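The lines below spell out each chain.
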Amino acid sequence: MGASTAFAACATDGLPATMEGPGGYPERALTMIVPYGPSGGSGQVAQAMAEAVTGLTGVNINRDHKPGGSGTVGMTAYMAAPADGYSVMEHIDDASSAHALDSSRPNPAQDLIPLVTSQITFSQIYIRTNEDRYTDWNSFVKWVKARGGKATIANVSKEGSMERVTMKFITDATGMEIQQISFDKGAPRYGALAGGQVDALFEQPGDVRKFLDAGTFKPILTILKEAPEAFADVPDLTDAGLDFEPLFRFRGFYVHKDAPADRVEWLQWAFQKAYCEQSYQDFNESKFMTLIESFRDTAGSQELITNTIAQYRDVYKEMGLEVK
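Here's what I pulled together on the structure shown here. (Residues numbered from 1 in each chain as written. Predicted model: local features only at pLDDT ≥ 70, side-chain atom pairs only at ≥ 80, totals over all residues. Heavy atoms only, no water.)

Comments concerning the overall build of the chain
When its secondary structure is counted, the chain shows twelve helices and ten strands. Taking 324 residues into account, the globule formula puts the C-alpha radius of gyration at 20 Å, and the chain, at 20 Å, falls close to it. For the chain, the C-alpha atoms occupy an extent of roughly 65 × 40 × 30 Å along the three principal directions. The buried share of the chain, reckoned over its 324 residues, is 54%. By sequence separation, contacts in the chain at least 24 residues apart represent 79% of the contacts at least 6 residues apart. (Helix = DSSP H or I, 4+ residues; strand = E, 2+ residues; numbered from the N terminus. Rg over C-alpha atoms; globule rule 2.2 N^0.38 Å. Buried < 20%, exposed > 50% of the residue type's maximum accessible area, 1.4 Å probe, protein only. Contact = heavy atoms within 4.5 Å.)

What follows is the structure, given as C-alpha cells:
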C-alpha cells in the first residue's frame, strides 16, 4: 500500500483537524522515553513521530533514550515516571513478548494506553553485497552447515524476542547451527556486518535502508510467506520451503493508563493525526513501512497486542519455556 493510500485511510477516521488541549494542556514540552538507541528503528521512528506531532501541534517533544535489556530498562523508567500525561513512550513488540513470557511484566494493552501503532513490518536476513563465500539463501545455508557451528549472525540479545524466536524457527527447519551475536543497539549491529565481524544480519528492511540504497547489504531471505513487490527477487518463506507463521515487528507510542483521561484523549488525537502528516508518511515510505498496513488506532493496537501476546505464549509453550 502506498503512502497516499495510508494517508487517505487514516484521514477518514473522523478526527478533527485541530483540538484544544484540556485546561491549557500541554503547558510545557512532552518527554518521550525511547527504550532503544537513537540509530535503530525505534530511534528513527521516535524522531519522525516527534517531529510530526510538533509540526501538527507546536508542542515540543524531548526524546530520552534509555536502551538496555531489550526494552526493559526504558519500560521500567517509564512506569516509574509521573502519570500526568507529560511523558509518553515509544515501544515495540518486545513489550508484548515480555508480558507473554512473564505476566508480571507490564501488559502494553492494559497497563498502558496505546496512542497509535505507526509501523508494522517484516524481517529479512542480510549479507554483504560483496560477499563471495555465499551469494544467496541456498548457498548461505550450505556454507553455514559446512562451518559446523562457527558461522555468525548479528541479532538482538533477548531470548524470546521476535528475532530470536524467528531464528529458532529457521534453524530448526534448515538444520543450520549458527552463533547469534548479540547487539541491543542498531548501529553496532549494522556495523558488525558491514565490517565483517559477523557473516549475516537479522533485521527489518527500513532500519537498514541506507545500506541497501548504498549497495552495502543485500537481503537473501524475506520472512513472509509471500514477498512484497519491492522484494520480488528475494526468496520468501514459501520459496525457501520454510513452513511457519512469520512474526512481525511493530512500533507504537503509549501513555500510562493512569494519565488523566482528557489528556489521554488529546494525545490520542495528536499522535494519530500526526501519523497522517505528510512528513511522517514520507518517512514511512522511505522505510518500506507502506508494504504492510502500518496504522492502528488505540482499539486496533490493543487488539494487535492482545493477539500477539496469545501467539507468543503458544510459541513459548511449544519451545518448552516456562510461561509465568
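Next comes the rest of the write-up.
A word on the side chain of Gln 124
The residue Gln 124 is located in strand β5 (residues 124–128) in this model. Judged by its relative accessible area of 0%, Gln 124 is buried. Within the structure, the side chain of Gln 124 is placed 2.6 Å from the side chain of Tyr 126, a separation counted as a polar contact. When neighbours within four sequence positions are excluded, Gln 124 is seen to be in contact with Leu 201, Phe 202, Glu 203, Pro 205, Pro 219, Leu 221, Thr 222, Ile 223, Phe 231 and Val 234. (Polar contact = N/O pair within 3.5 Å; in protein donor to acceptor, adjacent residues only side chain to side chain.)

Details of the sheet that holds strand β7 (residues 179–182)
Strand order in this open sheet of five strands is β7-β6-β8-β5-β9, and the pairing throughout is mixed. Edge positions in the sheet fall to β7 and β9 (217–222), since each of these pairs with one other strand and no more. Here the average twist between neighbouring strands, direction ignored, is 35°. Pairing analysis gives three bridges linking β5 to strand β8 (residues 200–203), with the strands arranged antiparallel. Of the residues in β8, the one forming a bridge with Ile 125 is Phe 202. (Pairing = 2+ DSSP bridges. Axes fitted to C-alpha atoms, helices over the stretch in contact; angles between N-to-C directions.)

Observations concerning the environment of Leu 291
The residue Leu 291 is located in the loop between α11 (278–286) and α12 (298–318) in this model. Classification of Leu 291 by relative accessible area gives partly exposed; the value is 29%. Along the primary structure Leu 291 and Glu 229 are separated by 62 residues, whereas in three dimensions their C-alpha atoms are 8.5 Å apart.

Quick look at the side chain of Ser 301
Assignment of secondary structure puts Ser 301 in helix α12. When its relative accessible area of 0% is taken as the criterion, Ser 301 is described as buried. At 3.3 Å, the side chain of Ser 301 forms a polar contact with the backbone oxygen of Arg 296. Sequence-distant contacts of Ser 301, that is, excluding residues within four places in its chain, are made with Pro 114, Val 116, Thr 117 and Arg 296.

Quick look at the nonpolar core
Counting residues in each nonpolar core, the largest one holds 75 residues, and the members touching the most others are Ile 125, Trp 137, Phe 140, Ile 170 and Phe 271. For this core, the element with the most residues is helix α10 (residues 261–275), which contributes eight residues. In this structure, Phe 140 is in contact with Ile 127, Tyr 134, Met 176, Ile 178, Asp 199, Ala 200 and Ile 220, ignoring residues within four places of it in sequence. One finds Leu 193, Val 198, Leu 201 and Leu 212 within the second-largest nonpolar core, a separate group that totals 16 residues. (Core = buried A, V, L, I, M, F, W, Y, C linked by side-chain atoms within 4.5 Å.)

A closer look at the pairing of strand β6 (residues 152–155)
Side-chain alternation along β6 places Thr 152 and Ala 154 on one buried face and Ile 153 and Asn 155 on a second face that is also buried. In terms of strand pairing, β6 meets β7 through four bridges, oriented parallel. When the bridges of β7 are listed, Asn 155 appears paired with Ser 182. Note: β6 against β8, two bridges, orientation parallel. Looking at the pairing, Ile 153 lines up with Ala 200 of β8.

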